[in-house]
Amino acid sequence: MRDQADSLRNQLLVADEGNEKSNTSIQVISVVSGKGGVGKSNFVVNFALGLQKRNKNVLIIDLDIGMANIDILLGQSSKYSIVDMLEQEMSIWSIVEKGPLGLSYVAGGSGLTRLFEMNKEKADFFYRQIESLESSFDYILLDMGAGVTTSSLHFLLSSHEILLVTTPEPTSITDAYAMIKFIHLEDEEIPISMVVNRAFSKKEADRTAENVINVTNRFLNKSITYLTYIPNDDTVLKAVRSQQPFLLLAPNSKCSKAIENTIDVFIGRDKKDYGKPISMGTFLSKLKSFISN
């Protein structure tokens, strides 16, 4: 019965009218922050919805240990989490939930530390489940916890790209650079793009990005991409309190227009610089190499 239910659920999830994935390339993107409280998960939710509006199939997997709240930000309640999938050996399609605009997400859970400490048997099961997602999505966004641990680092380094969310606050900038340095020392090649959140002006955001870019170039000899900024906007707090993504609650607000611009830049950049197909296989092969060692 479970196999039949999973098969039906799979079909329903990927057969949204006018929004079915037509190719096999996929990007796994880890979204991180150097510290908590910078609005990372809120960015993930609205960024994903922005991509979904452009007929991209997106899945969010909440891997934020201790602060798993993607379902709350979406105004949803989730019966199962990715922890349940591992502990009960459930198909991943049994735990994928549907949010606004047909956005798919997998909720996090209080036992997420066990996800990063998988034995070989659990790891093999996890790989098979993640591999089954490839033909159904264009993007998988991993909402990672603030900072980084040795275990969560494996997921970061396996991703095709890392999006780093920071704010203009000095402590946030310092922690953002520390995050970049930590990742760079493990992998010099992985692309890192930066989003400056809660900026009071474009000038402030540009100055923040310039500072991080210059320091990273000078001390690490690494180039990072400044993707965009999201302005400080009271709409964000109103949206969180009402458990609605601000992109849907107030589509004409400053923050919503900024997200739409972010999507324009992101998709335009992908078409220009990321023309080669990206497969789930590259993500899984890297992850396997880390966990098997």
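Calculation criteria
Residues numbered from 1 in each chain as written. Predicted model: local features only at pLDDT ≥ 70, side-chain atom pairs only at ≥ 80, totals over all residues. Heavy atoms only, no water. Pairing = 2+ DSSP bridges. Helix = DSSP H or I, 4+ residues; strand = E, 2+ residues; numbered from the N terminus. Buried < 20%, exposed > 50% of the residue type's maximum accessible area, 1.4 Å probe, protein only. Contact = heavy atoms within 4.5 Å. 1 Å grid on protein atoms, 1.4 Å probe; cavity = no way out; pocket = protein on both sides within 12 Å on 5 of 7 lines; lining within 4 Å. Points joined across faces, edges and corners; volume = space filled by probe spheres on them. Nonpolar A, V, L, I, M, F, W, Y, C, P; charged D, E, K, R; others polar. pLDDT = per-residue confidence, 0-100. Phe/Tyr/Trp six-rings, centres within 6.5 Å; stacked < 30°, edge-to-face > 60°. Axes fitted to C-alpha atoms, helices over the stretch in contact; angles between N-to-C directions. Left-handed = near helix turned anticlockwise from the far one by under 90°.

**Student:** Can you lay out the sheet that holds strand β7 (residues 192-199) for me, pointing to particular residues and giving the numbers?
**Tutor:** The strands making up a sheet are joined through hydrogen bonds of the backbone, oriented either antiparallel or parallel. A sheet is described by the order of its strands in space; here eight strands give the open sequence β3-β4-β2-β5-β1-β6-β7-β8, paired in mixed fashion. Whereas interior strands pair on both sides, the edge strands pair on one side only; in this sheet they are β3 (97-98) and β8 (225-231). Relative to strand β4 (residues 104-106), β3 runs antiparallel, the two being bridged by two bridges. Its bridge partner lying in β4, K98 is registered against S104.

**Student:** An account of unusual backbone geometry is needed here, citing residue identities and associated values.
**Tutor:** A positive phi angle is found at E89, which is not glycine, with a value near 50°. As for its placement among the helices and strands, E89 is situated in the loop between α4 (82-88) and β3.

**Student:** Explain the environment of F290 residue by residue, including any values.
**Tutor:** The residue F290 is located in helix α12 (residues 280-292) in this model. The exposure class of F290 is partly exposed, given its relative accessible area of 26%. It is 9.1 Å that separates the C-alpha atoms of F290 and L157, two residues lying 133 residues apart in sequence. Beyond its immediate chain neighbours, meaning those up to four positions away, F290 contacts H154, L157 and S158.

**Student:** Quick rundown of empty space enclosed by the protein? Include the residues and the values.
**Tutor:** Under the counting rule described, the total for this entry stands at two cavities of 30 Å³ or more. Looking at the largest cavity, its volume works out to about 60 Å³. If you go around the largest cavity, the residues you meet are V28, I61, L63, I82, F126, I130, I140, L142, F155, M280 and F283. Its residues assigned to classes, the lining of the largest cavity comprises 11 nonpolar, no polar and no charged.

**Student:** Hey, could you go over the confidence of the model for the protein for me, with residue numbers and the actual values?
**Tutor:** The predicted model of the protein has a mean per-residue pLDDT of 86, with 85% of residues at 70 or higher. Summarising per-element confidence for the protein, the mean pLDDT is lowest in helix α1 (residues 2-14) (47) and highest in helix α10 (residues 246-249) (98). Per-residue pLDDT stays below 50 along residues 1-5; that stretch engages in three contacts with residues further than four places along the chain or on separate chains. Note on residues 11-23: pLDDT under 50 across the span, and 22 contacts to partners over four residues away in sequence or across chains.

**Student:** Describe the packing of aromatic side chains, with residues and values.
**Tutor:** Scanning all chains against the criterion turns up five aromatic pairs. With a centroid separation of 5.9 Å and 80° between ring planes, the pair formed by F126 and F155 is classed as edge-to-face. Of the two residues, F126 sits in helix α5 (residues 120-131) while F155 sits in helix α6 (residues 150-158), which places them 29 residues apart along the sequence. Taking relative accessible area as the criterion, F126 reaches 2% and is therefore assigned buried.

**Student:** Before we move on, could you go through the packing of helix α7 (residues 170-186) against helix α8 (residues 202-220) and cite the residues and values that matter?
**Tutor:** Between α7 and α8, the shortest axis-to-axis distance is 10 Å and the interhelical angle comes to 35°. Remark: the crossing between α7 and α8 carries right-handed chirality. The segment α7 lies against α8, with I173, Y177, I180, K181 and H184 engaging T208, V212, V215, T216, F219 and L220. For the contact of α7 with α8, the per-class residue count stands at seven nonpolar, three polar and one charged.

**Student:** Kindly report on the environment of D64, identifying the contributing residues and their values.
**Tutor:** Among the secondary structure elements, D64 is positioned in the loop between β2 (58-63) and α3 (70-73). Distance in space between the C-alpha atoms of D64 and S152 is 9.5 Å, their sequence separation being 88 residues.

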